[in-house]
Amino acid sequence: MKIAIVTDAWSPQVNGVVRTLQAVGRELTAMGHELLVISPDLYGSVPCPTYPEIRLALASSRSVGARIAAFGAEAVHLATEGPLCLAARRWCLQQGRPFTTAYHTQFPDYVAARTGLPAGLFWRYIRWFHAPAQAVLVSTPSIRTAMAAHGIAHVKHWGRGVDLTMFDSHTSPPQSEFAELARPIQLYVGRVAVEKNIEAFLATRYPGSKVVVGDGPARAELERRFPDAHFIGARSGPALARAYTDADVLVFPSRTDTFGLVMIEALACGTPVAAFPVPGPVDVLTEQVGAMREDLDAAIAAALTRDRADCSRYGRSFTWEASARQFLDALVPVSNREIAA
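A short tour of the structure in this document, coming up. (Residues numbered from 1 in each chain as written. Predicted model: local features only at pLDDT ≥ 70, side-chain atom pairs only at ≥ 80, totals over all residues. Heavy atoms only, no water.)

This part takes up the overall build of the protein chain. The secondary structure content of the protein chain amounts to 15 helices and 14 strands. The C-alpha atoms of the protein chain give 20 Å as radius of gyration, which agrees with the globular expectation for 341 residues (20 Å, within 12%). Taken over the C-alpha atoms alone, the protein chain extends approximately 65 × 40 × 35 Å along its principal axes. Relative to its 341 residues, the protein chain shows a buried fraction of 53%. Summed over all atoms, the accessible surface of the protein chain reaches about 14,300 Å², with 53% contributed by carbon and sulfur. Counting 33 positive and 32 negative side-chain charges, the protein chain places the averaged centre of each group 6 Å from the other. (Helix = DSSP H or I, 4+ residues; strand = E, 2+ residues; numbered from the N terminus. Rg over C-alpha atoms; globule rule 2.2 N^0.38 Å. Buried < 20%, exposed > 50% of the residue type's maximum accessible area, 1.4 Å probe, protein only. Areas by Shrake-Rupley, 256 points an atom, 1.4 Å probe, with all protein chains shown as cover. Lys, Arg positive; Asp, Glu negative; His and termini not counted. Charge placed at Lys NZ, Arg CZ, Asp CG, Glu CD.)

The structure is reproduced here in structure tokens:
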């Protein structure tokens, strides 16, 4: 099948949306499907207000639609709620082409955190954007429930996976960066941005060392406020796998993620997870491999008692092949006659 995926999030951004689309894309290609990714790097762009690392594409519905039509797409998926997907959405509606969407991030909560405005204001846009989709793909039962509470009931499950060739407790990645740090090593991995609630992690009092892997607009301020923490920047590939493996616990302080890929990657490497009992963690973790408490210090202490072999077995149960098959099952292909029209 020829599948067009339109996304406002793409390389060089490093986040869960990009990594999910890239991983699923590799699986779909291996299955014999043809993919067209329409992303911001194909167009002129402007920096996103308050988050200049994210570029907003300047694209018309005609130009986006022309790419989809020239490719002969049999299915169209809109991955995000930004301007590029808005253009694709407009073209699909004009042409009477069915499409699916996805709810990757708690968009209303993120915008509310950055603007200080109530999240409820932005749910109006989310309802409007996703209303004409044939299906909205969501990653967890908690997000399904949240979407239904806001009037979005036409959802399908789309889980996430782990690159088992990379994140595996039995592999031997490069030398540890943490050899000189006091144990236990408490690790955060992800964007360093206000919506990730990293301050809650850095403010905990559990003894040991706090390490932040990642970059983002909040890094300079957090480094200034928490000088004892170790900010080592972004890591990928074997270096990221080694960071997971060498940590004693992954701390996931976000209250706004829809899933949290880093949790299952850490688990596959044998590292337990401490988190708040909120959507994302409550859908992914069990008490055998992590700990969820409103007191994050207590969650860290409990997670440190978990068996690393149990964590690895559980983390390795999440595969990108299964995720790709769920994605395929949710797509709505059109007939050859409709493509020609």
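Here the focus is the side chain of Asp8. Residue position: Asp8 is located in the loop between β1 (2-6) and α1 (16-30). We note that Asp8 is buried and unpaired, the nearest opposite charge coming from Arg90 at a distance of 11 Å. A polar side-chain atom of Asp8 sits 2.7 Å from the main-chain amide nitrogen of Leu84. Among the polar contacts listed, one links the side chain of Asp8 to the backbone nitrogen of Cys85, at a separation of 3.3 Å. The residues contacting Asp8, other than those within four sequence positions of it, are Gln13, Pro40, Arg55, Thr80, Glu81, Gly82, Pro83, Leu84 and Cys85. (Salt bridge = Lys/Arg side-chain N within 4 Å of Asp/Glu carboxyl O. Polar contact = N/O pair within 3.5 Å; in protein donor to acceptor, adjacent residues only side chain to side chain. Contact = heavy atoms within 4.5 Å.)

Moving on, we get to the packing of α1 against helix α14 (residues 320-330). Packed helix pairs are characterised by how far apart their axes lie and by the angle those axes make with each other. Relative orientation of the contacting elements α1 and α14 amounts to 85°, with a least axis distance of 9 Å. It follows that α1 is roughly perpendicular to α14 by the angle criterion. Counted together, Thr20, Ala23, Val24, Glu27 and Leu28 of α1 and Trp320, Glu321, Ser323, Ala324, Phe327 and Leu328 of α14 form the full contact between these two elements. Residues of the contact of α1 with α14, tallied by class, amount to 7 nonpolar, 2 polar and 2 charged. (Axes fitted to C-alpha atoms, helices over the stretch in contact; angles between N-to-C directions. Parallel < 35°, antiparallel > 145°, perpendicular 65-115°, else oblique. Nonpolar A, V, L, I, M, F, W, Y, C, P; charged D, E, K, R; others polar.)

Before going further, it helps to examine helix α2 (residues 61-71). Among all positions of α2, only Ser61, Val64, Gly65, Ile68 and Phe71 are buried. With its buried residues spanning 125° around the axis, α2 presents them on a single face. Residues of α2 that are exposed and point more than 90 degrees away from the buried face comprise Arg62 and Ala70. Residues of α2 that are buried sit in contact with β1, β2 (34-38), β5 (75-78) and α3 (83-95). Within two residues after α2, Gly72 carries a phi angle of roughly 75°, on the positive side. (Arc of directions from axis to C-beta.)

In this structure, Phe167, Leu187, Val189, Tyr244, Leu250, Leu285 and Phe327 are the most contacted members of the largest nonpolar core, which totals 55 residues. No other element matches helix α10 (residues 261-268), which puts 7 residues into this core. (Core = buried A, V, L, I, M, F, W, Y, C linked by side-chain atoms within 4.5 Å.)

Below, the discussion takes up the pairing of strand β12 (residues 249-252). Residues Val249 and Val251 line one face of β12 and the alternating positions Leu250 and Phe252 line the opposite face, and both faces are buried. Direction of pairing for strand β9 (residues 185-189) relative to β12: parallel, over a ladder of 2 bridges. Each bridged residue has a counterpart across the sheet, and for Gln186 the counterpart in β12 is Val249. Crossover β12 to strand β13 (residues 273-275) through α10 is right-handed. (Pairing = 2+ DSSP bridges. Right-handed = clockwise from strand over helix to strand, strands pointing away.)

Attention shifts here to the side chain of Ser139. Of note, Ser139 is situated in the loop between β7 (135-138) and α6 (141-149). Looking at Ser139, its side chain comes within polar contact range of the main-chain oxygen of Thr258, at 3.1 Å. Those residues in contact with Ser139 that lie beyond four places of it in its chain are His157, Trp158, Gly159, Arg160, Thr258 and Phe259.

What the 6 strands build is an open sheet, ordered β2-β1-β5-β6-β7-β8; its pairing is parallel. Each end of this open sheet is capped by a strand with a single partner; those strands are β2 and β8 (155-157). Sheet twist, expressed as the average angle between the axes of neighbouring strands with direction ignored, equals 25°. Pairing of β7 with β8, which is carried by 3 bridges, proceeds in the parallel orientation. Considered in β8, the bridge of Val138 is made with His157.

Right, let's get into the pairing of β9. Of all the 5 residues making up β9, 5 are buried; the element is thus mostly covered by neighbouring parts of the structure. Pairing of β9 with strand β10 (residues 209-213) involves 5 bridges; the strand directions are parallel. Of the residues in β10, the one forming a bridge with Val189 is Val213.

A word on the sheet that holds β13. Two strands in a sheet stick together by hydrogen bonds in their backbones, pointing the same way (parallel) or opposite ways (antiparallel). Ordered by their spatial adjacency, 6 strands build an open sheet running β11-β10-β9-β12-β13-β14, and the pairing between neighbours is parallel. Where the open sheet ends on each side, the last strands, each with one partner, are β11 (230-233) and β14 (290-292). When the angles between neighbouring strand axes are averaged without regard to direction, this sheet yields 25°. By the bridge criterion, 3 bridges tie β10 to β11 in an arrangement that is parallel. Across the sheet, the residue bridging to Val213 is Gly233, located in β11.

By themselves these figures say nothing about function.
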